[in-house]
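Spelled out from the first residue to the last, the chains are:
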Amino acid sequence: MSDFSTTIREAGDVSIIELNGYLDAHTAPQLESAFSDLIDKKRFKIVANFEKLKYISSAGLGVFMAFIETIRSNNGDIKLTTMIPSVYNIFDLLGFPLLYEFFSTEKEAIDKFNQQ
Amino acid sequence: MQIKSTTENLSLVRDFIQETALNKGVHQAIIDKIILAVDEASTNIIKHAYHSKPDGDIIIQLEFTDDKCRIILIDFGEGFNPSQIPQPDMPKYFEQKKVGGLGLHLIRTLMDYVEYHTDKGGYNQLTIAKKIKNTAA
């Protein structure tokens, strides 16, 4: 069984979603429902903290693509932080740095929202 | 190894490759690429060959030579023609909000050799290979 979980925290109007474990085709629906919940609550400023994510496949990357337009059309964004190199490499391979902002710390991502 | 066509088994596939390749002395950075390619290939078989029905069989074989790791994935579901699946243009891909379809692109990017064959006898065979360097070298 793949081991994956998410934890949501709040910092003002920014929501932080912590990803933990292995994100693959089996566990991606859990992340989808976490994003759906945030959107239902009109929480559109989202920082995804990857510090504890050990693995991602294209099913996991697809979740970020699935929600980004809805979130940006509501003046929000998903900012990505604190990835281990092997996870960042997959995002890089598929061209995500052209369309998403990556930060080395969670704080930098939160600050970026607060400056806007 | 042989598994049933459910995404729950993807972690077993990854563990199998990790252990087998590590025992053969393959560098972890190469193992990571092979694991992702085989995960993507298995996911495609589950979703597209077996349409997410959990009772299909997937056979995964690993073969090592001095300089190469070859993985053969066999399924008995619906075949497809990989030449009809173009390389995605990522900026357009994002614009079109297309979700999925990235697996084959990743497999082609991560591996050195990819060949797909649909046999008239009713099975599909994907063969992928990666050049490896032994850590002992």
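Residues numbered from 1 in each chain as written. Chains lettered and ligands numbered in written order. Predicted model: local features only at pLDDT ≥ 70, side-chain atom pairs only at ≥ 80, totals over all residues. Heavy atoms only, no water.

(A) Expanded view of the overall build of chain B. Check the secondary structure of chain B and you find four helices and five strands. Across chain B, helices and strands are ordered from the amino to the carboxyl terminus as β-α-α-β-β-α-α-β-β. For chain B, the proportion of its 137 residues judged to be buried stands at 43%. Counted over contacts in chain B with a minimum sequence separation of 6, partners at least 24 positions apart contribute 63%. If you sum the accessible surface of chain B, you get close to 7,300 Å²; carbon and sulfur atoms cover 50% of it. (Helix = DSSP H or I, 4+ residues; strand = E, 2+ residues; numbered from the N terminus. Buried < 20%, exposed > 50% of the residue type's maximum accessible area, 1.4 Å probe, protein only. Contact = heavy atoms within 4.5 Å. Areas by Shrake-Rupley, 256 points an atom, 1.4 Å probe, with all protein chains shown as cover.)

(B) Representation of the sheet that holds strand β3 (residues 68–75) of chain B within the structure. Residue and element names in this part refer to chain B. Read across the open sheet, the five strands follow the order β1-β2-β3-β5-β4; overall the sheet is antiparallel. One side of each edge strand has no neighbouring strand; the edge strands of this open sheet are β1 (2–4) and β4 (113–119). Ignoring which end each strand starts from, the neighbouring axes of this sheet average 15 degrees apart. By the bridge criterion, seven bridges tie β4 to strand β5 (residues 123–131) in an arrangement that is antiparallel. Note on β5: the bridge partner recorded for Val114 is Ile128. Against the sheet, helix α1 (residues 10–23) engages β1 and β2 (57–64), with an angle of about 15 degrees to β2. (Pairing = 2+ DSSP bridges. Axes fitted to C-alpha atoms, helices over the stretch in contact; angles between N-to-C directions.)

(C) Molecular detail of unusual backbone geometry. Residues and elements named next belong to chain A. If you check the backbone angles, Lys42 has positive phi at about 60 degrees while not being a glycine. By the secondary structure assignment, Lys42 is in the loop between α1 (28–40) and β3 (45–56). Classification of Lys42 by relative accessible area gives exposed; the value is 64%. Backbone geometry at Thr82 places phi at a positive 60 degrees, although glycine is not the residue there. By the element assignment, Thr82 lies in the loop between β4 (77–81) and α3 (85–93). Given a relative accessible area of 19%, Thr82 falls into the buried group.

(D) Region of interest: the pairing of strand β2 (residues 14–23) of chain A. All names here are of chain A. Within β2, eight of the 10 residues are buried, which leaves the element mostly enclosed by the surrounding structure. Judged from the eight bridges that link them, strand β1 (residues 4–11) and β2 form a sheet pairing that is antiparallel. Bridging across to β2, Glu10 finds its partner in Ser15. Where β1 folds back onto β2 in an antiparallel hairpin, the turn is made up of two residues, including Gly12, whose phi is positive at roughly 65 degrees. By the bridge criterion, nine bridges tie β2 to β3 in an arrangement that is parallel. Pairing of Ser15 across the sheet is with Ile46, part of β3. Read from β2 through α1 to β3, the crossover connection turns out right-handed. (Right-handed = clockwise from strand over helix to strand, strands pointing away.)

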